[in-house]
Amino acid sequence: MKILILGAGAIGGYVGGRLHQSGADVTFLVRDKRNEALKRDGLVIKSTKGDITQMVKTITKAGDGGPYDVVILTCKAYDLDSAIDAVAPAVGATTTVIPLLNGMRHIDLLAAKFGDAKVVGGLARVGVAMNDKGEILHTSPFAAISFGERDGKPARPALVELDAAIKKSGVDGGLNANIVQDLWDKWIMLCTLAATCCLMRGASGDILEADEGRAIVLETVDEGCKVAAAAGHDPGEKGITTIRSFLTVKGSKFAASMLHDLEKGAMVEADHIVGDMIARAKKAGIATPNLRMAYAHLQVYLARRAAGRA
Amino acid sequence: MKILILGAGAVGGYWGARLHQSGADVTFLLREKRAEKVRKDGLVVKSPKGDAVIPAKVVTKGSEGGPYDIVVLACKAYDLDSAMESIAPAVGTNTTIVPMLNGHAHFATLDKKFGPEKVAGGLARISGMLGPNGEILHSGASGVSFGERDGKPARASLVELEVACKKAGIDGGINANINQDLWDKWIMLATIAGMCSSMRGTVGDIMETEDGAAIVLETLDESCKVATAEGHAPSDKVLAGLKTMLTSKGSKAVASILGDIEKGGPAEGKQIVGDMLARARKAGIAAPNLRFAYTHLQTYEARRARGGLK
């Protein structure tokens, strides 16, 4: 089975590196500059699960080296359009596309471009970052990806084969029969965390110090849950409890990565994570006053950033 | 007439300097460090209306140099408690206190401590800031107004203060409508401080977003309802002026509290936004936007208290 990974950034580089290390046939589709660096220095992973520097297969045009059985997308949502263009030549009649993005909108966009049947669901949970030398720093105890059919049917052979390769590579996760619900649950959590941390400009625990911080966080969870329910993906009692308790830990220093991006002046996935939730709420006639306020905050940031004043 | 001014920041410093220059008997009550600096270098004013170095009279204890006919409080709202302790020995039977603070919360505190008959209303329109060496950087408006809060004719000492102000080239003077003006200014400030801080941008930045203008006008409306409930509804003319000012496209207008937040300094969130929200609650007025804004400001304080995001 031939696997193409778009980009060799934090998540793609880590997962692809582990797959390659364990013998899978992995190719990275990268830009010229990254290609040169990888050819010169190899792919460097520094990890709690062991360091490794290895030479990997790379291409700079998706037309090379194919056809691929599986194409994995790990780009940021705001780069999705260019990512779709970049991988398009690598997607053949029997290719499966696995996006490891947060939110849901990318799935519609990918399905529209490549056809519904080619696009499955995917979810990454890897605490990993890339430093300015292009080294992949995996500092957390977890590294997992999961994927599965969006209609809940038994997984196609390519996913079964990928599941075996993932298990061999030491990355956790694999096939997930419940992938769409898991994507929704994660989106609700992430949307709430990003919206509240950015609107309030603080870590989860800072917000909880404010008189009504907890109430505002829980209302925001509720807005996301209503949107999910309207789409047929109510997280259920257990799902909601998990999300609520994760977001209301007193003293927690955990903050949305979007807040870190905001404070660095970087691009943020505002439209994908918060804006799209609001758009779906509007369509379903659901009021989302908290998300509206947070989205206004993010739009102010983007306007300032566009004007060079972030 | 002997005038004591607590604080030599932009408002107290500029006003006092001009009074001193025109021959009024002005003393500054300052903290030890600031007093030393002013004794050594004089009070340095840089202003479009003329630079000056004033050999100002300085005391560090309210018990020195009194009794005073007028005590001007030009401190930040969060310093009110310590300011009251400092001036207490300077306040005699015939002293009038003129507070130049924003909001309304300070009146209850001052009335309780000194008796309502001693406390007049005061409003500053002096734009400026302190420079790195403690110099007063005056940038534009130079008006102060003061008057009896019950609307009765001004007492003799306020009349005398008005004469001194006119002589000093300070605009304004006695204001028969001081209480309403204080409310009008507070409505404006609660809105602009609440919005610029929770959105982290100028009025113009907020206008760049889809719902920005609507959110600002809703917030203004929340504050207007509070003012109305307290018997101080703004006139149609004032309200129209506020609406125009707060929704002007491309406006660089920004609340000074945003500068305080971006510097990581103390902010008057509780007095400007928190107190408006508290009064809304008491009157049974829904104030969702003030609630978001105050939660933002409280989150800021929590984060500041623990020294950052990390």
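Residues numbered from 1 in each chain as written. Chains lettered and ligands numbered in written order. Predicted model: local features only at pLDDT ≥ 70, side-chain atom pairs only at ≥ 80, totals over all residues. Heavy atoms only, no water.

**Student:** Kindly report on unusual backbone geometry, identifying the contributing residues and their values.
**Tutor:** Here the amide bond leading from Gly66(A) into Pro67(A) is cis, since omega sits at -5°, within 30 degrees of zero. Here Pro67(A) shows up in the loop between strand 5 (57-59) and strand 6 (70-73). The amide bond that connects Gly66(B) to the next residue, Pro67(B), takes the cis arrangement and shows omega of -5°. Residues other than glycine seldom take positive phi values, yet Arg201(A) does so here, at roughly 55°. Relative to the elements of secondary structure, Arg201(A) occurs in the loop between helix 6 (179-200) and helix 7 (204-209). On the basis of relative accessibility, which here comes to 10%, the residue Arg201(A) falls in the buried class. In this model, Arg200(B) sits at a positive phi of 55°, which is unusual for a non-glycine residue. As for its position among the elements, Arg200(B) is in the loop between helix 6 (178-199) and helix 7 (203-207). (Helix = DSSP H or I, 4+ residues; strand = E, 2+ residues; numbered from the N terminus. Buried < 20%, exposed > 50% of the residue type's maximum accessible area, 1.4 Å probe, protein only.)

**Student:** How would you sum up the pattern of salt bridges? Please name residues and give values.
**Tutor:** For the structure shown, the criterion picks out 36 salt bridges over all chains. Note that Asp276(A) and Arg280(A) form a salt bridge whose closest N and O atoms lie 3.0 Å from each other. With Asp276(A) and Arg280(A) both in helix 11 (residues 270-284) and 4 residues apart, the pair spans about one turn of that helix. Residue class for Asp276(A) comes out buried when judged on its relative accessible area of 8%. Of the charged contacts, one joins Glu301(B) and Arg304(B) as a salt bridge, the two residues approaching to 3.6 Å between their closest N and O atoms. With Glu301(B) and Arg304(B) both in helix 12 (residues 288-305) and 3 residues apart, this pair spans about one turn of that helix. One continuous salt-bridge network, built from bridges that share partners, spans Glu212(A), Glu219(A), Arg281(B) and Arg291(B). (Salt bridge = Lys/Arg side-chain N within 4 Å of Asp/Glu carboxyl O.)

**Student:** Help me get a handle on empty space enclosed by the protein, residues and values and all.
**Tutor:** All names here are of chain B. If you walk through the whole model with that rule in mind, you get 1 cavity of 30 Å³ or more. The calculated volume of the largest cavity comes to roughly 30 Å³. Lining the largest cavity are Leu101, Asn102, Gly103, Leu123, Leu182, Lys185, Trp186 and Leu189. Considering every element that reaches the lining of the largest cavity, the biggest residue donor is helix 6, with 4 residues. (1 Å grid on protein atoms, 1.4 Å probe; cavity = no way out; pocket = protein on both sides within 12 Å on 5 of 7 lines; lining within 4 Å. Points joined across faces, edges and corners; volume = space filled by probe spheres on them.)

**Student:** Describe the sheet that holds strand 1 (residues 2-6) of chain A, listing the residues and the values that go with them.
**Tutor:** All names here are of chain A. Spatial ordering of the open sheet is given by 5-2-1-6-7, a layout of 5 strands whose pairing is parallel. In the strand order of this sheet, the two ends are held by strand 5 and strand 7 (96-99), each with one partner. Looking at each pair of strands side by side, their axes are set apart by 25° on average, direction ignored. Where strand 1 lies against strand 6, 4 bridges are found, and the strand directions are parallel. Within the sheet, the bridge partner assigned to isoleucine 5 lies in strand 6 and is isoleucine 72. (Pairing = 2+ DSSP bridges. Axes fitted to C-alpha atoms, helices over the stretch in contact; angles between N-to-C directions.)

**Student:** Report on the side chain of Gln299(A), specifying residues and quantitative values.
**Tutor:** Examined against the element boundaries, Gln299(A) turns out to sit in helix 12 (residues 289-306). Here Gln299(A) is in contact with Thr209(B) and Glu210(B), once residues within four sequence places are set aside. (Contact = heavy atoms within 4.5 Å.)

**Student:** Lay out the pairing of strand 8 (residues 121-130) of chain A with the relevant residues and their values.
**Tutor:** All names here are of chain A. When you tally the buried positions in strand 8, you get 7 out of 10 residues, the bulk of the element. Bridge count between strand 8 and strand 9 (residues 136-148): 9 bridges; the pairing is antiparallel. What sits directly across from valine 126, in strand 9, is alanine 143. A loop of 5 residues connects strand 8 with strand 9, the two strands running antiparallel in sequence, and glycine 134 in this loop sits at a positive phi of about 80°.

**Student:** Describe the domain arrangement of chain A, with residues and values.
**Tutor:** By a widely used convention, the size of an interface equals the accessible area lost when the partners come together. Residue and element names in this part refer to chain A. Per the domain assignment, the segments making up chain A are domain 1 (2-177) and domain 2 (181-306). Distance between the C-alpha centres of domain 1 and domain 2: 26 Å. Taken residue by residue, the interface counts 16 residues in domain 1 and 14 residues in domain 2. Here domain 1 packs against domain 2, burying approximately 1400 Å² in sum over the two surfaces, 60% of which is carbon and sulfur. Between domain 1 and domain 2 we count 1 salt bridge in total. With a closest N to O distance of 3.4 Å, aspartate 108 and arginine 280 form a salt bridge. At the boundary of domain 1 with domain 2, the tally comes to 7 residue pairs in polar contact (both at pLDDT 80 or more). Among the secondary structure elements, those contributing two or more residues to the side of domain 1 that touches domain 2 are helix 4 (105-114) and strand 8. (Domains from an automatic or database assignment. Buried area = accessible area lost by both parts, 1.4 Å probe. Polar contact = N/O pair within 3.5 Å; in protein donor to acceptor, adjacent residues only side chain to side chain.)

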